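Topology and contacts: notes
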Amino acid sequence: HCLAVRAVCQREIDCDRGNGYSWKITLLRNYWKSKVKQEWLSGKYSNIASQFSLPEKSMYPMDVDTWGEILEAELER
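Below, the structure is looked at part by part. (Residues numbered from 1 in each chain as written. Predicted model: local features only at pLDDT ≥ 70, side-chain atom pairs only at ≥ 80, totals over all residues. Heavy atoms only, no water.)

Here the focus is the pattern of salt bridges. Overall, the coordinates contain nine salt bridges when judged by the stated rule. Glu69 is the salt-bridge partner of Lys37, the closest N and O atoms lying 3.0 Å from each other. Taken together, the residues Lys37 in helix H3 (residues 23-41) and Glu69 in helix H4 (residues 64-76) connect sequence positions 32 residues apart. Judged by relative accessible area, which is 30%, Glu69 ranks as partly exposed. (Salt bridge = Lys/Arg side-chain N within 4 Å of Asp/Glu carboxyl O. Helix = DSSP H or I, 4+ residues; strand = E, 2+ residues; numbered from the N terminus. Buried < 20%, exposed > 50% of the residue type's maximum accessible area, 1.4 Å probe, protein only.)

Here it is in structure tokens:
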């Protein structure tokens with residue numbers, strides 16, 4: 001699980017590890033974020049009609065750099 005989460009959230013994982021968080025805490029902090037981020041990056045929500053079309057678990061608190069990655073992926077599509 002740690003490697004799968006790191007494949008999507010490398011910057012976030014490296015930052016948490018650099019701040020001294022254990023692997024267990026780092027995984028707990030980033031597991032759902034990696035799931036949501038991967039869905040956004042894969043284009044799952046690229047063609048929605050409105051914000052009301054988004055599934056309930058499609059949002060997660062993410063930093064500006066993460067949303068920047070998602071926006072760049074959308075612009076490349």
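The structure having been displayed, the exposition proceeds.
Turning our eyes to something else, we now look at the nonpolar core. In this structure, Val36, Trp40, Tyr45, Leu54, Met62 and Ile70 together form the largest nonpolar core, which totals six residues. Contacts of Val36, omitting those with residues within four sequence positions, involve Lys57, Ser58, Met59, Tyr60 and Met62. (Core = buried A, V, L, I, M, F, W, Y, C linked by side-chain atoms within 4.5 Å. Contact = heavy atoms within 4.5 Å.)

Attention shifts here to the environment of Glu72. With respect to the helices and strands, Glu72 occurs in helix H4. Given the relative accessible area of 51%, Glu72 is considered exposed. Residues Glu72 and Leu41, spaced 31 residues apart in sequence, show a C-alpha to C-alpha distance of 9.1 Å.

Another point: H3. The largest bend in H3 amounts to roughly 40° and is located at Asn30. Those residues of H3 that sit buried are Thr26, Asn30, Lys33, Ser34, Val36, Lys37 and Trp40. Looking at the buried residues of H3, the elements they touch are helix H1 (2-8), helix H2 (10-18) and H4. Directly after H3, the chain includes Gly43, whose backbone phi takes a positive value near 90°. (Bend = angle between axes of the 7 residues up to and from the residue.)

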